[in-house]
Amino acid sequence: MADLSGLYQEVILDHSKRPRNFRVIDDATARAEGYNPLCGDRLTLYVRMDGDKIGDIAFKGSGCAISTASASILTETLKGKTRGEAEVLFQTFHDLVTGKNHSGNNLGKLAVFSGVSEFPARVKCATLSWHTLKSALTGEAEQVSTEADDADDQAAR
Ligand code: ZN
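These numbers come from a predicted model, not from an experiment.

Participant: Looking at this structure, how should I read helix α2 (residues 65-78)?
Facilitator: Three- or four-residue spacings in an α-helix give side chains the same orientation, since the helix completes a turn every 3.6 residues. The terminal C-alpha atoms of α2, which comprises 14 residues, lie 20 Å apart, in line with the 20 Å expected from a rise of 1.5 Å per residue. Counting buried positions along α2 yields 12 of 14 residues, so the element is predominantly enclosed. Every buried residue belonging to α2 is among Ile66, Ser67, Thr68, Ala69, Ser70, Ala71, Ser72, Ile73, Leu74, Thr75, Thr77 and Leu78, and all of these are buried. In the stretch just after α2, Gly80 is the one whose phi turns positive, near 90 degrees.

Participant: What should I look at first to understand the environment of Cys64 in this one?
Facilitator: Of note, Cys64 is situated in the loop between β3 (53-62) and α2. Accessibility expressed as a relative area gives 16% for Cys64, which makes it buried. Put simply, Cys64 and Cys39 are 25 residues apart on the chain and 7.5 Å apart in space, counted from C-alpha to C-alpha. Beyond its immediate chain neighbours, meaning those up to four positions away, Cys64 contacts Cys39, Asp41, Arg122 and Cys125.

Participant: It is not clear to me how the pairing of strand β2 (residues 41-50) should be interpreted in this structure. Could you clarify?
Facilitator: Successive side chains on a regular strand alternate, one facing one side of the sheet and the next facing the other. For β2, the tally of buried residues reaches 7 of 10 residues, placing the bulk of the element in the interior. Pairing analysis gives 7 bridges linking strand β1 (residues 30-36) to β2, with the strands arranged antiparallel. Residue pairing across strands places Ala32 opposite Leu45, the latter belonging to β2. Two successive antiparallel strands, β1 and β2, enclose a turn made up of 4 residues, where Gly40 displays a positive phi of approximately 90 degrees. Looking at chain direction, β2 and β3 are connected through 9 bridges and run antiparallel. In the sheet register, Tyr46 faces β3, and the bridge partner there is Ala58. Where β2 hands over to β3, the hairpin turn is made up of 2 residues, of which Gly51 adopts a positive phi near 70 degrees.

The rules behind these values
- Residues numbered from 1 in each chain as written.
- Predicted model: local features only at pLDDT ≥ 70, side-chain atom pairs only at ≥ 80, totals over all residues.
- Heavy atoms only, no water.
- Helix = DSSP H or I, 4+ residues; strand = E, 2+ residues; numbered from the N terminus.
- Expected span 1.5 Å × (residues − 1).
- Buried < 20%, exposed > 50% of the residue type's maximum accessible area, 1.4 Å probe, protein only.
- Contact = heavy atoms within 4.5 Å.
- Pairing = 2+ DSSP bridges.

Here's what the structure looks like:
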């Protein structure tokens, strides 16, 4: 397992140093801002919906390695997915990083965050971009703060 976690760490470091889809989408149909005060992670997520599909998705911001890598892999994973598929992935990813599901099945590259469940303080870093995406897709709030998220709070205790 040591080799596997080493590999996971490499993927996270790679995405944090060279984040994918790190740009503004000028004709975005939705955007939302996310902030994690515990760590200082900030990001703005841009989405251009193409019917029910995510036609384009990108982000800008600054944060720790985990939050940046999570946003980068999120954009890579969700481009071309439908709203419903994105919701299912969010739930599966949330279960993975909060330790409710250790398998990482069906998560593809997102499985690299399985180790986060051992570090409760970092769960908010990993889920920030996902909460922000949810807000962008539902149009609920322009700014998301992880402090308002009860499920993550419980996991952090
Ligand atoms: Zn962070």
